[in-house]
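The lines below spell out each chain.
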Amino acid sequence: MNSSRGEGLAAWDRIYEVVSHPRCANCHVGPSDRPMWSGPSYGGPQPHGMMIRAGESRIGAETIPCRTCHVTNETGGQDTPHAAPQVADAWRLAPVEADWFGRSSDFICAQLRDPDRNGGRTIAELAAHLDHDVILHWAWEPGGTREPAPYDLESHIADLRLWGAAGQPCAFD
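The rules behind the values
- Here the residue numbers are simple positions, counted from 1 along each chain's written sequence.
- It should be noted that, the model being predicted, local features are given only for residues of pLDDT at least 70 and side-chain atom pairs only at 80 or more, the latter also being counted only at that level, while totals for whole chains, interfaces and linings use all residues.
- For the side-chain quantities, the full set of heavy atoms in the structure was used; hydrogens and water were omitted.
- Strands here are runs of E lasting at least two residues and helices are runs of H or I lasting at least four, both read from the DSSP assignment and numbered beginning at the N terminus.
- C-alpha atoms define the radius of gyration, and 2.2 Å times the number of residues to the power 0.38 defines the globule rule.
- Only protein chains enter the calculation, and the probe is 1.4 Å; a residue is then buried if its accessible area is under 20% of its type maximum, exposed if over 50%, and partly exposed in between.
- Note on definitions: a residue-residue contact is assigned when non-hydrogen atoms from the two residues lie within 4.5 Å.
- Working definition of accessibility: Shrake-Rupley area with a 1.4 Å probe, residue cover restricted to the visible protein chains.
- His is not counted here, nor are the chain ends, while Lys and Arg score as positive and Asp and Glu score as negative.
- A charged residue contributes its charge at one atom only: NZ of Lys, CZ of Arg, CG of Asp or CD of Glu.
- Aromatic contacts are taken between Phe, Tyr and Trp rings whose centres are within 6.5 Å, Trp giving its six-membered ring; a plane angle under 30 degrees counts as stacked, one over 60 as edge-to-face, and the others as tilted.
- Lysine NZ or arginine CZ positioned within 6 Å of the ring centre and within 35 degrees of the ring normal marks a charge as sitting over the ring.
- Any pair of cysteine sulfurs within 2.5 Å is marked as a disulfide.
- To estimate the expected span of a helix, subtract one from its residue number and multiply by 1.5 Å.
- Starting at the helix axis, one direction is taken to each C-beta atom, and the arc is that of these directions.
- Buried Ala, Val, Leu, Ile, Met, Phe, Trp, Tyr and Cys residues form a nonpolar core when they are joined through side-chain atoms within 4.5 Å.
- Each salt bridge in this description consists of a side-chain nitrogen of Lys or Arg and a carboxyl oxygen of Asp or Glu lying within 4 Å of one another.
- Here, axes are lines fitted to C-alpha atoms. For helices the fit covers the stretch in contact, and angles between N-to-C directions go from 0 to 180 degrees.
- For this classification, under 35 degrees means roughly parallel, over 145 means roughly antiparallel, 65 to 115 means roughly perpendicular, and everything else is oblique.
- We call Asp, Glu, Lys and Arg charged. Ala, Val, Leu, Ile, Met, Phe, Trp, Tyr, Cys and Pro are nonpolar, and the rest, Gly among them, are polar.

Asks: Looking at this structure, I do not really get the overall build of the protein. What am I missing?
Replies: Helices and strands together make up the secondary structure of the protein, namely six helices and two strands. From first element to last, N terminus to C terminus, the protein shows the α and β order α-α-β-β-α-α-α-α. Here the C-alpha atoms of the protein give a radius of gyration of 16 Å, agreeing with the 16 Å that 2.2 N^0.38 yields for 173 residues. Taken along its principal axes, the extent of the C-alpha atoms in the protein is 45 × 30 × 30 Å. Out of the 173 residues belonging to the protein, those deemed buried represent 42%. Across the protein, the fraction of contacts at a sequence separation of at least 24, relative to all contacts at a separation of at least 6, is 60%. For the protein, the exposed area adds up to about 8,900 Å²; of that, 56% sits on carbon and sulfur atoms. Charged side chains in the protein number 14 positive and 23 negative. The centres of these two groups are separated by 5 Å.

In C-alpha cells:
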C-alpha cells in the first residue's frame, strides 16, 4: 500500500486525536510514576488520586500494585461510573520511553517513528501491539459513563498503517 504525504498527515492528525485523548495519554507519563486523571469529569489534569505511584516497575510493585483496584475481568468494562477501570490484562503504566502526556503532535509524531523511543517497533509491530495488547482495547470500551477514545480501534490501526505507508510524515518535515 502506498499513500501520499497528504494522506499520511491526515492519518497522523487522527492518530494524534487518539493518543492525546485521556483514555490513552493518562498512562503515558514518562519518567513520572504518577498516572494522571484528566478529561471533562476531573476538572482538568491532576495526578491519580490516593497518591498512587506506579514505581520503576510501572505496575506499582514497589508500593501498591495497579491491579489492586484495576482488577482483571473478562469483559473489560463495567457500568459503574467512576469505578476503577477493569480489563482482562495486568494494569500498568506505559514504558518510560512512551512519554506523551501533554505533549505536542510534533513531539509524539517524532517519538512514534523513532525506534529508540517507541519500544524498537516498526509500524507493523506498533499496529500488532495495538491489535493484541488488550489493555489498549479498553480505551474504546471504558465502561460506565467514561468517554471512549475517538474513532474505533480498527480505524486507529488502519490510520497507523496508512501513516506508515506514507513514510511516517510529521508536519515539521
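Asks: I would appreciate a short explanation of the packing of aromatic side chains in the present structure.
Replies: Geometry of an aromatic ring pair is reported as the spacing of the ring centres plus the angle between the planes. Inspection of the entire model under this criterion finds one aromatic pair. A cation sits over an aromatic face here: Arg103 above Phe107, 4.1 Å from the ring centre. One cation-aromatic arrangement involves Arg117 over Phe107; the distance from NZ or CZ to the ring centre is 5.3 Å.

Asks: Looking at this structure, I do not really get the state of the cysteines. What am I missing?
Replies: Covalently bonding the sulfur atom of one cysteine to the sulfur atom of another cysteine gives a disulfide. Evaluated as defined, the whole model comprises one disulfide. Cys24 takes part in no disulfide bond, and the closest cysteine sulfur to it belongs to Cys27, at a distance of 9.4 Å. Here Cys66 is not cross-linked by a disulfide; its sulfur's nearest cysteine counterpart is in Cys27, at 7.7 Å.

Asks: I keep staring at helix α1 (residues 5–19) and nothing clicks. Help me out?
Replies: Each α-helix winds once per 3.6 residues, and so residues spaced three or four apart point in a common direction. Taking 1.5 Å per residue, 15 residues should reach 21 Å; α1 reaches 20 Å between its end C-alpha atoms and fits that length. Considered for burial, the residues of α1 that qualify are Gly8, Ala11, Trp12, Ile15, Val18 and Val19. The buried residues of α1 occupy an angular sector of 110° when the element is viewed end-on, so they sit on one face. On the buried face of α1, the contacting elements are α2 (22–25), α3 (105–112) and α6 (153–165).

Asks: What am I meant to see in the nonpolar core here?
Replies: Within soluble globular proteins, side chains that are nonpolar tend to cluster in buried spots. Judged by nonpolar contacts, the single largest core of 24 residues is most densely connected at Trp12, Leu160 and Trp163. Those residues in contact with Trp12 that lie beyond four places of it in its chain are Ser105, Ile108, Cys109, Leu112, Trp163 and Pro169. Cys66, Val87, Trp91 and Ile135 belong to the second-largest nonpolar core, a separate cluster that totals five residues.

Asks: Honestly, the pattern of salt bridges in this entry has me stumped. Any pointers?
Replies: Side-chain pairs of opposite charge can arise whenever the charged atoms involved come near each other. Within the structure shown, the criterion is met by five salt bridges. Linking Asp99 and Arg103 is a salt bridge whose minimum nitrogen-to-oxygen distance equals 2.8 Å. The partly exposed category is assigned to Arg103, whose relative accessible area is 32%. Here Asp114 ties to Arg117 by a salt bridge, and the two come within 3.2 Å at their closest N and O atoms. Residue classification places Asp114 among the partly exposed positions, given a relative accessible area of 24%.

Asks: When you look at the packing of α1 against α3 in this model, what are you seeing that I'm missing?
Replies: For any two helices packed against each other, one specifies the inter-axial angle together with the distance between the axes. Remark: α1 packs on α3, axes separated minimally by 11 Å, with the N-to-C direction vectors making an angle of 100°. Of the possible angle classes, the one that applies to α1 and α3 is roughly perpendicular. Note on element contacts: α3 touches α1 through Ser105, Ile108, Cys109 and Leu112, opposite Trp12, Tyr16 and Val19. For the contact of α1 with α3, a count of residues per class yields six nonpolar, one polar and no charged.

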